[in-house]
Structure formats: C-alpha cells, structure tokens
Amino acid sequence: MMESSKSKAQYILAIILIVLGGSGILNQLFGWHLFRQIDLGGMFVLIPGLWFEYSYFLNHRSPKLLVPGGILTAIGVLVLIESNTMPFVQDYIDSFYILAPAVGLFQLYLHDKKDKGLLIPVGILTAIALMDFASEIMGTLFFFMDESIIWPIIFMIVGVALLVGKVDQHQEKEKL
C-alpha cells in the first residue's frame, strides 16, 4: 500500500514538472506565456504547500504536516494574487501574509486533538492582520488626516464605549 501511494505521488510530481518544463519551452520558442516567470514564484511556494496538504489527506497519519502546508499554501496563493492583480490590490494584500502561520496552526487545531492552546497564536496573528488591514483601509478613507492619529482616536472611542457600558451595568445593578 505504501509503495502504491509513493509511486502515485512520484507520478503526480513528474506530471507537474513536465508541464512546467514544457510551458517554459513554449514560452522561449513561441512566446506563449502559459506560466509567466512572475507566476512561477508563487507556484514554487504553492506546490510544496499543496504537497504537504495532500500528504496529510492521503493517509491522515501526521496532522503536523498541515502546519507547513497551510503556511506555504497561504503564502503561495497570496503571491499569485499579488502578482496577477492591479497595484490597488497589491497595496492591501500585505496584511494577509501575517495570517499564513495562523492558517497552518488552525488546520492543525481542526485535524489534531483540538488543543485550545493553538487558538491563542491563531487569534493573536488574526487580530494583528485585521488591525493592519484596517489601518491601511482607514489610511485610504481618511487620507486628509494624519495616519498616526487614527488609532488613538479609535482607542479613545472604544474606551469611552466601555466606560459607558460599565456605567449602565452598574446603574442597573443599583436599581435591583
């Protein structure tokens, strides 16, 4: 059984390499851009990531393969998106690279023993990525304002909202 899956994996890798090599030759000889060089950068990261993912889902033996698989797959997808989109999208996609380790760790959480400790770094990385993305969006929306003042204003608004919420809860307890 193991020999069968190994030969199947080698067969798939061989096909991928032949297609990549053939597309490179077609590009050089005829100018056909099946895979541009800029796309290959993402593919060189995406293919090993998908290979790790495939290796786990083939036999379900080692969920730890999902961590590098998730990281490399996420980075490969982001590089491909970034290289094939307009500069407008490229300006905002940088925030999502922080999510790559979170993707791998979350996959491990889902397919392993459900260790809740894995959710801490996943949550922290996701929060950092979302804050960075929000900062970039707000910098675009509030272009007339100095970017360094936006987050302090948001922190003050959240602080006031928390205080008002606390005061309301405290007043309700006194009424009872």
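Being a predicted model, the structure only gives us computed values, none of them experimental.

Colleague: What is the right way to read the side chain of Thr73 from this model?
Modeller: By the secondary structure assignment, Thr73 is in helix H3 (residues 66–83). Here Gly49 takes part through its backbone oxygen, which lies 3.3 Å from a polar atom of the side chain of Thr73. Those residues within four positions of Thr73 in sequence are excluded, and the remaining contacts are Leu46, Gly49, Leu50 and Glu53.

Colleague: Would you take a moment to explain the environment of Ile120 for this structure?
Modeller: Along the chain, Ile120 falls in helix H6 (residues 119–141). Among the residues examined, Ile120 registers a relative accessible area of 55% and is labelled exposed.

Colleague: Can you help me understand the packing of aromatic side chains in this one?
Modeller: For any pair of aromatic rings, the description rests on two quantities: the centre-to-centre distance and the angle between the ring planes. Under the definition given, this model contains four aromatic pairs. An angle of 45° between the planes, with centres 6.1 Å apart, marks the rings of Trp51 and Tyr54 as tilted. Linking Trp51 with Tyr54, this pair stays in helix H2 (residues 37–59), spanning three residues, or about one helical turn. The class for Tyr54 is partly exposed, based on a relative accessible area of 27%. When the centroid spacing of 5.0 Å and the interplanar angle of 50° are considered together, the rings of Phe96 and Phe133 count as tilted. One end of the pair, Phe96, is in the loop between helix H4 (87–93) and helix H5 (99–111); the other, Phe133, is in helix H6, and 37 residues separate them in sequence. The class for Phe133 is partly exposed, based on a relative accessible area of 27%. When the ring centre of Tyr109 is taken as origin, the NZ or CZ atom of Lys114, which lies over that ring, is 5.5 Å away.

How each quantity is defined
- Residues numbered from 1 in each chain as written.
- Predicted model: local features only at pLDDT ≥ 70, side-chain atom pairs only at ≥ 80, totals over all residues.
- Heavy atoms only, no water.
- Helix = DSSP H or I, 4+ residues; strand = E, 2+ residues; numbered from the N terminus.
- Polar contact = N/O pair within 3.5 Å; in protein donor to acceptor, adjacent residues only side chain to side chain.
- Contact = heavy atoms within 4.5 Å.
- Buried < 20%, exposed > 50% of the residue type's maximum accessible area, 1.4 Å probe, protein only.
- Phe/Tyr/Trp six-rings, centres within 6.5 Å; stacked < 30°, edge-to-face > 60°.
- Lys NZ or Arg CZ within 6 Å of the ring centre and 35° of its normal.

Take it as geometry only, folks, not as evidence of what the structure does.
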